[in-house]
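Structure assessment
So the chains spell out like this:
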Amino acid sequence: MQYSPPHMSRITATNQRAGAAHTSLRLGERLRQLRVSAGMTQTELAGERFSKEYVSQIERGKTRPTRETIEWLAAQLGVDSGFLANGVSADERGRVDAALARAEALLEGRRNAEAVDEFDQIRASVAATGLPELEVRALSGEATARMREGQVREAIEILNRARSLTERPEFSDLERADVLYRLGMARYKLSSIQTAMNLFDEALKLAERSQLPSDHLRSNILAWRSRCYRRRRDLEAAREDVERALELAEGLNDRESMAHVFFQASLVADREGHWVLSRSYAERAKALYEELSDRQNLGRVMNSIGYINFLLGHPDEAIAFLKDAFRIHIELGKDADAAHDVNSLAQVHLRTGDAERAEEQARLALEMLGDRVDFLDEIGNAQLVLGRALLDQGRIDDAEQALRAAEQAYDQLSSASHRATVWVAQGDLAARRGDDTRAAHLYRSAAEALQDVRF
């Protein structure tokens, strides 16, 4: 999904005008029905404050009255101003608001499956209000919950509906930015890195030009854009975004955002080879996640600390952290995260010479991951570890099959550096078979794009 060329901007403007006109017409129809039911003429309703012609323009949808005018007309008719404006009484709006708040509380508590069910149950009630602002809240919340549950493509469809609604003039740039930010996260999870970056760039521009407070959203956007830069190996840009995100989060004393940003800072420092600094950032994230009782992310950062300890030459400490991370994710029912932990353990065992255990754990990781499209990198990693473990055991044909599966997974990431790790392994396999020509070709293909595969 690319961003709008000039002709798309004209289409958007047309849609906005059409939406506003439709809203005005519906208000006008309600005004006429309520006036007739009250037995009043246009002149009587207008009184001394307005002209008969002005009331007629409102009823025909030719003009949109101000909030003060709507409140005055509602008082003359003896009806709720919210009902006149939107067709929804204040009481009904309050009930829908409360239902949305319950769903959002489940989402905030990361009870994502329950949140999906709650948003699904209130969908009809939200739609019945005809209030775009409530519909966008519901769509954004449901999409985020589904994204966390691995239903990324469904989340994108929902967010595209929210995006269309926020193009209306009654929405702020900040509300538009929030929807684009969520779309960027979804696209990142599908490894559409360039599209995700485009979305984050546009979201950041909208947030920055908004007159509303936006530090929290900007911090989140920058932290996620940093992931894109890291995936593209632009580590300087990744570090700059992380530093800006951390400054904003610290300025708000937002402990959750600070934890996420410290975690991202740890990953960037790791890629730069600053492992001691990386561990320091990860430990600060760990302390914040413990303070927040965010066990899922606590497990994730413990996995990262385990990885860093292994790089620093402490395999026993690495295994202890990885086992604790696995235990946490199993207790939470987070199979994909647990699979990540198991595959990390498989890599430790592979690199310390226990190929049989590495094979067993890589197969378990693949079984737990299934066909999760938002974990293609982890599926590729597990296939690569499996292929390496099989190769170390001399099972060359089986190793070839696993490495081919790893390459197929990495192909979907559009990442040459990920594919390069497979080419090196396939080169080793070719060399084991005595095919030095093919081995040399694969090594050369990998040379420029090679990067280490993360746990």
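Above this text is the structure in question.
Residues numbered from 1 in each chain as written. Predicted model: local features only at pLDDT ≥ 70, side-chain atom pairs only at ≥ 80, totals over all residues. Heavy atoms only, no water.

Another point: the overall build of the protein. The helix and strand tally for the protein stands at 23 helices and 0 strands. Considering only C-alpha atoms, the protein reaches an extent of 95 × 45 × 35 Å along its principal axes. The buried share of the protein, taken over its 455 residues, is 51%. For the protein, restricting intrachain contacts to residue pairs at least 6 apart in sequence, the fraction spanning at least 24 positions comes to 60%. Roughly 21500 Å² of accessible area belongs to the protein as shown, and the carbon and sulfur atoms make up 46% of that amount. Averaging the positions of the 63 positive and the 74 negative side-chain charges in the protein gives two centres separated by 4 Å. (Helix = DSSP H or I, 4+ residues; strand = E, 2+ residues; numbered from the N terminus. Buried < 20%, exposed > 50% of the residue type's maximum accessible area, 1.4 Å probe, protein only. Contact = heavy atoms within 4.5 Å. Areas by Shrake-Rupley, 256 points an atom, 1.4 Å probe, with all protein chains shown as cover. Lys, Arg positive; Asp, Glu negative; His and termini not counted. Charge placed at Lys NZ, Arg CZ, Asp CG, Glu CD.)

Here we take up the packing of helix α22 (residues 416-432) against helix α23 (residues 436-447). Between α22 and α23, the least distance of the axes is 8 Å, while the angle of their chain directions is 165 degrees. The angle between α22 and α23 places the two elements in the roughly antiparallel class. For the element pair α22 and α23, the recorded crossing hand is left-handed. In contact with A420, W423, V424, Q426, G427, D428, A430 and A431 of α22, α23 contributes D436, R438, A439, L442, Y443, S445 and A446. In terms of residue class, the contact of α22 with α23 is built from 9 nonpolar, 3 polar and 3 charged. (Axes fitted to C-alpha atoms, helices over the stretch in contact; angles between N-to-C directions. Parallel < 35°, antiparallel > 145°, perpendicular 65-115°, else oblique. Left-handed = near helix turned anticlockwise from the far one by under 90°. Nonpolar A, V, L, I, M, F, W, Y, C, P; charged D, E, K, R; others polar.)

Quick look at the side chain of T129 now. Inspection of the secondary structure assignment puts T129 in helix α7 (residues 112-129). A relative accessible area of 3% places T129 in the buried class. For T129, the contacting residues outside a window of four places in its chain are N86, V88, V96 and L134.

Okay, the packing of helix α8 (residues 132-148) against helix α9 (residues 152-166) next. One can describe the packing of α8 onto α9 by two numbers: an axis separation of 8 Å at closest approach and a directional angle of 160 degrees. Our classification of the angle between α8 and α9 gives roughly antiparallel. Remark: the crossing between α8 and α9 carries left-handed chirality. For the pair α8 and α9, the contacting residues are E135, V136, L139, S140, E142, A143, R146 and M147 in the first and V152, E154, A155, I158, L159, R161, A162, L165 and T166 in the second. Per-class residue counts for the contact of α8 with α9 are 10 nonpolar, 2 polar and 5 charged.

What follows concerns the nonpolar core. Residues Y181 and F200 are the most contacted members of the largest nonpolar core, which totals 65 residues. Excluding residues that lie within four positions of it along the chain, F200 makes contacts with Y181, G184, M185, I221, W224, R225 and C228. Formed by 33 residues, the second largest nonpolar core is a distinct cluster that contains A346, F375, I379 and A409. (Core = buried A, V, L, I, M, F, W, Y, C linked by side-chain atoms within 4.5 Å.)

Here we come to the pattern of salt bridges. According to the stated counting rule, one finds 37 salt bridges in the structure shown. Here R395 and E359 are joined by a salt bridge, their closest N and O atoms 2.9 Å apart. Linking R395 in the loop between α20 (376-392) and α21 (396-411) with E359 in helix α19 (residues 355-369), this pair joins segments that are 36 residues apart in sequence. Residue classification places R395 among the partly exposed residues on the basis of a relative accessible area of 31%. For the salt bridge of R419 with D411, the shortest nitrogen-to-oxygen distance reads 3.7 Å. Via salt bridges that share partners, R93, D97, E104, E133 and R137 belong to a single interconnected network. (Salt bridge = Lys/Arg side-chain N within 4 Å of Asp/Glu carboxyl O.)

Our next topic: α7. Here α7 contains 18 residues, and its C-alpha end-to-end distance of 25 Å stays within 8% of the 26 Å for a straight helix at 1.5 Å per residue. In the structure, α7 departs most strongly from a straight axis at I122, where the bend amounts to approximately 45 degrees. Its buried side turned inward, α7 meets α5 (81-86), α6 (90-108) and α8. (Expected span 1.5 Å × (residues − 1). Bend = angle between axes of the 7 residues up to and from the residue.)

What follows is about α20. Across its 17 residues, α20 extends 24 Å between first and last C-alpha, which sits within 8% of the 24 Å expected from 1.5 Å per residue. Across the 17 residues of α20, 14 count as buried, placing the element largely inside the fold. The first or second residue beyond α20 is G394, which carries a positive phi of 80 degrees.

Next up on the list: a negative patch on the surface. Taken together, the side chains of D234, E236, E240 and E243 present a region of like negative charge at the surface. Along the polypeptide, E243 turns up in helix α13 (residues 235-252). (Patch = residues over 30% accessible without salt bridge, like charges linked within 9 Å, V, L, I, M, F, W, Y side chains within 5 Å.)

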